[in-house]
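For reference, the chains in residue letters:
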Amino acid sequence: MRHRQFYLILISFIVVVVVLNAFWLIKFKQSPVKGGMMSNTNSRISNNQEKQHRLIVPPVLKPDSIDNNNIYYTLRAQTGVTQLLSGKKTKTYGYNGSFLGPTIRVEKGVNIYIRTQNHLKQSTSFHWHGAILPSSSDGGPHQTVAAGQSRLINFKVNQPAATLWYHPHAVGSTAIQVYKGLAGFLLVDDQNSRRIKLPKTYGKDDFPVVVQDRNFDKNNQLNYRQAASSNGTLGDKLLVNGTQNPYIETTTKYIRLRLLNGSNARKYIFKLNDGRPLYQIGTDGGFLKKPVPEKQIILTPGERAEVVVDLGGYSQESQVKLKSKESSVLTMRIKSNRGGEAKLPHRLTNIQSVNNFNRKVVQNITLSGMGHMVSINNKQFSMKRIDIKVKQNTTQIWKISNKDNMMGEIHPFHIHGVQFRLLSVNGNTPASNMQGRKDTIMTRPGNQYKIMIKFTQPGVFMYHCHNLEHEETGMMGQIQVVP
Ligand code: C2O
Ligand code: CU
């Protein structure tokens, strides 16, 4: 009898799943992706054998002015047309240009003022992903800038050297605006990062690398609608800093890549084509304690990894490829490898290790669902609801659980306004390249992640799945940090 009940429940569950699946396939019936909803892990990027193009390196944004410790910038969200593919140009969005944005490079301790201007025909916001700042400057859904308007934001850079980024965050248009090109790097430097012996000449041996998959129609126009499903857009073309099939020419022994997964939903598994290690030196929020050699580095949307590639063992005129699965991401053509750094430093920073596994969990966050049913703690986002309240300057342990389901969705979990530390994965010590400062972590179905967070900034902050279609579908909550 018990068994029969069990099977009945199981069968009805399967029926529900199949029906939901069918619903989504019908709603997005042009989905180009074979395998429907399970596509996040399966769909491919066509590895076009087209010509290689020199990697575009976004310019560093020049300040409008500087006085003492204050630096003033202008950042404008705008429309444009960009030569992304060969043939017809593509209608795109960008910051101070037609696609993507300039790199904003700031020093720890300075006060930055950014005049953000919205030249789009719709509202947007300017969110500083990974920055530790008061919520009034965070650029989340509560700080939108209406079409034609501008807003002055200000914050003091108060965190260690790191590769952060910025992108829009208005409810209902985040995903499509990022898709059309709104994203840029925000690099923080500090005394340590300037002193340390690592490649650091921007655009020469130190490269920002934002990786994004996109879907184009026959006229070379971005086709968000066709690519979208509620489990995320997946494109079949890969753009790196807006460059298709990019290469760089290298003349140094070591090069540093600041990898950013700026895609809406795709995860990447970065590796070198010949299996040599990538030396990971940094995570979302700054340096690791020491370089960690890794055969592969997985990044889900929103995550960053700084890696150093050792080109010392390669002969001149050879080339190495950074790949993700079977697709080429970046070709490094070795022109010469003299004049590089002597050796990678043993110690990058003195970040403390965290192993208080036994501290009490004060927040349980359960990520679940698929399609339009995604939720956090069984709720969908509401601007009017504060989900969690925390007293400012308290340190908390959260347990993030990705509830197992049949579709097995990965959810990249992100929190605004903080850098947290990963304490454990299913009770075990995380891999050493996961022990640095993080603001986004990949959560796999069925797994549990304990993180330690200190909320130092006042205001209302978002936490959400950084699969941007999941976020838009309601996989987001709000935390209020009370002084
Ligand atoms: Cu990268 Cu809430 O954002
Ligand atoms: Cu998700």
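Heads up: the structure comes first, above all this text.
Residues numbered from 1 in each chain as written. Chains lettered and ligands numbered in written order. Predicted model: local features only at pLDDT ≥ 70, side-chain atom pairs only at ≥ 80, totals over all residues. Heavy atoms only, no water.

Caption draft 1: Up close: the overall build of the protein chain. Regarding its fold elements, the protein chain presents six helices and 33 strands. When burial is assessed residue by residue, the protein chain has 57% of its 483 residues classed as buried. Look at the contacts in the protein chain between residues 6 or more apart in sequence, and 76% of them connect residues 24 or more apart. When the accessible surface of the protein chain is summed, it comes to about 20,200 Å², and 51% of that surface belongs to carbon and sulfur atoms. (Helix = DSSP H or I, 4+ residues; strand = E, 2+ residues; numbered from the N terminus. Buried < 20%, exposed > 50% of the residue type's maximum accessible area, 1.4 Å probe, protein only. Contact = heavy atoms within 4.5 Å. Areas by Shrake-Rupley, 256 points an atom, 1.4 Å probe, with all protein chains shown as cover.)

Caption draft 2: Summary view of the coordination of the copper ion (ligand 2). All of the protein donors around the copper ion (ligand 2) are His 411 (ND1), Cys 465 (SG) and His 470 (ND1); their distances to the metal are 2.0 to 2.1 Å. Counting residues between consecutive donors of the copper ion (ligand 2) along the chain gives the motif H-x53-C-x4-H. With a gap of 54 residues between them, His 411 in strand β27 (residues 411-415) and Cys 465 in strand β32 (residues 459-465) connect regions that are remote in the sequence. Accessibility classification places His 411 together with Cys 465 in one group, the buried group. (Donors = N, O, S within 2.8 Å, 3.2 Å for Na, K, Ca; no water.)

Caption draft 3: Highlighting the nonpolar core. If you look at the biggest cluster of nonpolar residues, it comprises 28 residues, and the most contacted ones within it are Leu 257, Phe 270 and Leu 322. Elements represented by at least two residues in this core include exactly β11 (206-214), β12 (237-240), β15 (254-261), β16 (268-272), β19 (297-299), β20 (304-310), β21 (319-324) and β22 (327-334). In this structure Phe 270 touches Val 211, Leu 259, Leu 278, Lys 295, Gln 296, Ile 297, Leu 299, Leu 322, Lys 323 and Val 329, once residues within four positions along its chain are discounted. (Core = buried A, V, L, I, M, F, W, Y, C linked by side-chain atoms within 4.5 Å.)

Caption draft 4: Focus on the sheet that holds strand β28 (residues 420-425). The sheet built from six strands is open, its strands ordered β24-β23-β26-β31-β28-β29 with mixed pairing. Edge positions in the sheet fall to β24 (375-376) and β29 (437-438), since each has one partner strand and no second. One ladder, built from four bridges, connects β28 with strand β31 (residues 448-454); its direction is antiparallel. In the sheet register, Leu 422 faces β31, and the bridge partner there is Ile 451. (Pairing = 2+ DSSP bridges.)

Caption draft 5: Structural view of the pattern of salt bridges. Going through the model one piece at a time under the given rule, you end up with 15 salt bridges. Of the charged contacts, one joins Arg 105 and Asp 189 as a salt bridge, the two residues approaching to 3.0 Å between their closest N and O atoms. Pair noted here: Arg 105 is in strand β5 (residues 104-107) and Asp 189 is in strand β10 (residues 184-189), with a separation of 84 residues, a long-range link. If you follow the salt bridges from partner to partner, you end up with Asp 284, Glu 303, Arg 304, Lys 438 and Asp 439 in one network. (Salt bridge = Lys/Arg side-chain N within 4 Å of Asp/Glu carboxyl O.)

Caption draft 6: Highlighting unusual backbone geometry. For Asn 68, which is not glycine, the phi dihedral falls at a positive 50°. Along the polypeptide, Asn 68 turns up in the loop between β2 (65-67) and β3 (70-82). Of note, Asn 220 is a non-glycine position whose phi angle comes to about 65°, a positive value.

Caption draft 7: Looking closely at the packing of aromatic side chains. Overall, the coordinates contain ten aromatic pairs when judged by the stated rule. Taking the centre distance of 5.5 Å and the plane angle of 45° together, the rings of Trp 128 and Tyr 166 count as tilted. Residue Trp 128 is found in strand β7 (residues 127-129), and its partner Tyr 166 is found in strand β9 (residues 162-167); the two are separated by 38 residues along the sequence. Look at Tyr 166 and you get buried, because its relative accessible area is 1%. Against the face of Tyr 179 rests Arg 214, its NZ or CZ located 4.5 Å from the ring centre. Lying across the ring of Tyr 247, Arg 333 places its NZ or CZ 3.5 Å from the centre. (Phe/Tyr/Trp six-rings, centres within 6.5 Å; stacked < 30°, edge-to-face > 60°. Lys NZ or Arg CZ within 6 Å of the ring centre and 35° of its normal.)

Caption draft 8: Layout of the side chain of Ser 135. As for its position among the elements, Ser 135 is in the loop between β7 and β8 (150-156). For Ser 135, a relative accessible area of 10% corresponds to the buried category. The contacts of Ser 135, once residues within four sequence positions are left out, are Gln 143, Pro 458, Gly 459, Val 460 and Phe 461.

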